[in-house]
Amino acid sequence: MTPVTRQEVLGLYRKIFRIARKWQSASGQMEETTKEKQYIINEAKTLFQKNKNLTDPEQVKQCIEECKARIEMGLHYRIPYPRPIHLPPMGLASQQGRALRHQEKLRKLSKPVYLKSHDEIL
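Only a predicted model underlies this, so the values are computations on that prediction, with no experimental measurement involved.

(A) Fine view of the packing of helix α1 (residues 3-22) against helix α2 (residues 30-50). At a minimum axis distance of 8 Å, the contact between α1 and α2 shows a crossing angle of 165°. On the basis of the axis angle, α1 is roughly antiparallel to α2. In the packing of α1 onto α2, the handedness of the crossing is left-handed. Two secondary-structure elements touch here, α1 through Val 9, Leu 12, Tyr 13, Ile 16, Phe 17, Ala 20 and Arg 21 and α2 through Lys 37, Ile 40, Ile 41, Ala 44, Lys 45 and Phe 48.

(B) Looking closely at the layout of surface pockets. Roughly 730 Å³ of internal volume is contained in the largest pocket. In terms of lining residues, the largest pocket is bounded by 36 residues, among which Ile 16, Ala 44, Leu 47, Phe 48 and Cys 67 are the most central. Those elements that place two or more of their residues in the lining of the largest pocket are α1, α2 and α3 (57-77). Top element by residues in the lining of the largest pocket is α3. It accounts for 11 residues. Here the lining of the largest pocket is built from residues that sort into 27 nonpolar, three polar and six charged.

(C) How the structure looks around the nonpolar core. Counting residues in each nonpolar core, the largest one holds 12 residues, listed as Val 9, Leu 12, Ile 16, Ile 19, Ala 20, Trp 23, Ile 40, Ala 44, Val 60, Ile 64, Cys 67 and Ile 71. Looking at this core, the elements that each hand over two or more residues are α1, α2 and α3. Considering every element that reaches this core, the biggest residue donor is α1, with five residues. Once you skip the residues sitting within four places of it in the chain, Ile 40 turns out to touch Ile 16, Ala 20, Trp 23 and Pro 80.

(D) Main features of the environment of Glu 32. Residue position: Glu 32 is located in helix α2. Once you skip the residues sitting within four places of it in the chain, Glu 32 turns out to touch Ser 25 and Ser 27.

(E) Local environment of a nonpolar patch on the surface. The grouping of Tyr 77, Ile 79 and Tyr 81 at the surface amounts to a nonpolar patch, some 260 Å² of accessible area in total. Along the chain, Tyr 77 falls in helix α3. Note on Tyr 77: relative accessible area 38%, which makes it partly exposed.

About the criteria used
- Residues numbered from 1 in each chain as written.
- Predicted model: local features only at pLDDT ≥ 70, side-chain atom pairs only at ≥ 80, totals over all residues.
- Heavy atoms only, no water.
- Axes fitted to C-alpha atoms, helices over the stretch in contact; angles between N-to-C directions.
- Helix = DSSP H or I, 4+ residues; strand = E, 2+ residues; numbered from the N terminus.
- Parallel < 35°, antiparallel > 145°, perpendicular 65-115°, else oblique.
- Left-handed = near helix turned anticlockwise from the far one by under 90°.
- Contact = heavy atoms within 4.5 Å.
- 1 Å grid on protein atoms, 1.4 Å probe; cavity = no way out; pocket = protein on both sides within 12 Å on 5 of 7 lines; lining within 4 Å.
- Points joined across faces, edges and corners; volume = space filled by probe spheres on them.
- Nonpolar A, V, L, I, M, F, W, Y, C, P; charged D, E, K, R; others polar.
- Core = buried A, V, L, I, M, F, W, Y, C linked by side-chain atoms within 4.5 Å.
- Buried < 20%, exposed > 50% of the residue type's maximum accessible area, 1.4 Å probe, protein only.
- Patch = residues over 30% accessible without salt bridge, like charges linked within 9 Å, V, L, I, M, F, W, Y side chains within 5 Å.
- Areas by Shrake-Rupley, 256 points an atom, 1.4 Å probe, with all protein chains shown as cover.
- Salt bridge = Lys/Arg side-chain N within 4 Å of Asp/Glu carboxyl O.

Such coordinate-based values are descriptive only and should not be taken to indicate function.
Below is the structure:
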């Protein structure tokens, strides 16, 4: 990781914790706010820990883009949780053969950048 990339990643990490410290839930209830703050902190720690040994510049760039997208979406919608994509599970293909593989490939390609790592940590 280059020094510039390292600074950018550490800056994003600090930014997430500053956001968590100032976070207010949309409902305004204290228990919701506490739960959402804890989610933000745990999610950041988990994802940054999981990706700390990445060396491929393309993968690092993808993770940075995902982080920025999730920050922007969380701040815009005031919801810290990733927004789900609304596709029926395997609703467009039969359960076997080439059509199923093609459907899985299309589903993977259509997944938004802010959800790339979400399925991996669940």
